[in-house]
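Understanding the architecture of this molecule
Chain residues, written in single-letter form:
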Amino acid sequence: MAQAAPVMDTAAEEKNRYKNYKRNADYTIDQDWQSYSAAEHDRWDRLFARASEVLETRACPEYLDAMRTLKLSESGIPDMKKLSEKLSPVTGWQVVPVTDLVPDEIFFDHLANRRFPAGAFIRPESEMDYLEEPDIFHDIFGHVPLLANPVFADFMQAYGKGGQRAMQRGMLKNLARLYWYTVEFGLVRSGDGLKLFGAGIMSSATESVFALESASPHRVRFDLKRVMRTNYVIDDFQKTYFVIDSFEKLREDCMQDFASIYDALEGASVIEPHELAPEDEVITRGTLEYFDAQT
Ligand code: HBI
Ligand code: FE
């Protein structure tokens, strides 16, 4: 009986497409843009079209302006070298290919030097709606556009430098929460409403709607110390979204020396994602029904 051909698990194949590539000391690899298949380019286009339609009326104007500046479009997976040539004249940022999450100290060193490490694989067909790892769509469609906004670009570099200091102080968890509730899942006041800016939200068509329009989650005005105390989950919608007043205010908050913040946080209790704190400026109190329905 001839051996059945091994079933090609294309999902695993596509996620691990770089496993045999040389990895540099800073965890960057060769994106090898020529190697993407037509199917992978087509998947980018479908993800791009679906998310762009949802974001038209929901993303903050700074993001929409940046998308136009970078001419990110539905013409297949971007070549990071070419994208960096468009981005670096604007804010000095580059996009460098990596295989997946890199160690924190490597990550912070890239950010501190205005290099954004972007996953180079694209999610498999079976994970179009959600995946845990940052693929090229999450990183380039979600994170990169705002790096063309000078204020946000300054904030991201300050975050990288802050990360390097936080590691020395053992406050990495607090700083990771700041990243999570802003860079990944942040909302911003815009005109007389709220708009999206977090990459984790904007790279998900379903969460883009949920974060702004569902009655389930809390929406609370951003406060640096409060966010640094707040836990988060990585495998579901957020129970609380934080709203920044502006990118200028966020940059100002993060340009300060965090030493006094960390002192104030010593012994402060952790706030769970579903909880509201007495000092919160609550913008919308959530019903949490989406989450209760899951238990
Ligand atoms: N690595 N490539 C990559 N992308 C990330 O977003 C990332 C990372 N390493 C660590 C990390 N994020 C988080 O732990 C940060 O909060 C530090
Ligand atoms: Fe991310």
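Our subject is the structure that appears above.
Residues numbered from 1 in each chain as written. Chains lettered and ligands numbered in written order. Predicted model: local features only at pLDDT ≥ 70, side-chain atom pairs only at ≥ 80, totals over all residues. Heavy atoms only, no water.

Structural notes on the overall build of the chain
Put simply, the test is: Each helix is a run of DSSP H or I of at least 4 residues and each strand a run of E of at least 2, with the numbering of both proceeding from the N terminus. In this scheme, a residue with accessible area under 20% of its type's maximum is buried, one over 50% is exposed, and one in between is partly exposed, where area comes from a 1.4 Å probe on protein chains only. Working rule for contacts: check all heavy atoms of both residues, and any pair within 4.5 Å makes them a contact. The protein chains shown are the only cover counted for residues, whose accessible areas, like all others here, come from Shrake-Rupley with a 1.4 Å probe. The charged-residue count follows a simple rule in which Lys and Arg add positive charge and Asp and Glu add negative charge, with His and chain termini not counted at all. Every charge is mapped to an atom, namely NZ of Lys, CZ of Arg, CG of Asp or CD of Glu.
A tally of regular secondary structure across the chain gives 14 helices and seven strands. Across its three principal axes, the chain shows a C-alpha extent of roughly 70 × 45 × 40 Å. Per-residue burial for the chain yields a buried fraction of 52% across its 295 residues. Across the chain, the fraction of contacts at a sequence separation of at least 24, relative to all contacts at a separation of at least 6, is 70%. Roughly 13,800 Å² of accessible area belongs to the chain as shown, and the carbon and sulfur atoms make up 51% of that amount. Side-chain charges of the chain comprise 33 positive and 49 negative groups, with the mean position of each set lying 3 Å from the other.

Remarks on the side chain of Ser84
Within the fold, Ser84 resides in helix α4 (residues 80-91). In this view, Ser84 contacts Pro89, Trp93, Gln94 and Val95; residues no more than four positions away in its chain are not counted.

Quick word on the pattern of salt bridges
Rule in force here: One side-chain nitrogen of Lys or Arg within 4 Å of one carboxyl oxygen of Asp or Glu is enough to make a salt bridge.
Going through the model one piece at a time under the given rule, you end up with 22 salt bridges. Across the salt bridge formed by Asp154 and Arg114, the nearest N and O atoms sit 2.7 Å from each other. Of this pair, Asp154 sits in helix α7 (residues 150-169) while Arg114 sits in the loop between α5 (104-112) and β2 (115-119); the two residues are 40 residues apart in sequence, bridging distant segments of the chain. Classification of Arg114 as buried rests on a relative accessible area of 15%. Glu266 is the salt-bridge partner of Arg169, the closest N and O atoms lying 3.6 Å from each other. With Arg169 in helix α7 and Glu266 in the loop between α13 (259-265) and β7 (282-284), this residue pair connects regions lying 97 residues apart in the sequence. Judged by its relative accessible area of 36%, Arg169 is partly exposed. One salt-bridge network, in which partners are shared between bridges, spans Glu14, Asp42, Arg43, Arg46 and Glu125.

Here we look at the coordination of the iron ion (ligand 2)
Definition in use: Counted as coordinating are nitrogen, oxygen and sulfur atoms within 2.8 Å of the metal, or 3.2 Å for Na, K and Ca, while water is not included, which may make sites look incomplete. Under the classification used here, a metal with four donors is tetrahedral if each angle lies between 85 and 135 degrees, square planar if opposite donors are over 155 degrees apart and the others between 65 and 115, a six-donor metal meeting that same test is octahedral, and anything else is irregular.
Only His138 (NE2), His143 (NE2), Glu184 (OE) and Glu184 (OE) from the protein coordinate the iron ion (ligand 2), and they sit 2.0 to 2.8 Å from it. Classification of the site at the iron ion (ligand 2) as irregular follows from its four donor atoms and the range of 51 to 131° in their angles at the metal. When the donor residues of the iron ion (ligand 2) are listed from N- to C-terminus, their spacing reads H-x4-H-x40-E. According to the relative accessible area criterion, His138 is buried, its value standing at 11%. By relative accessible area, which is 5% here, His143 ends up buried.

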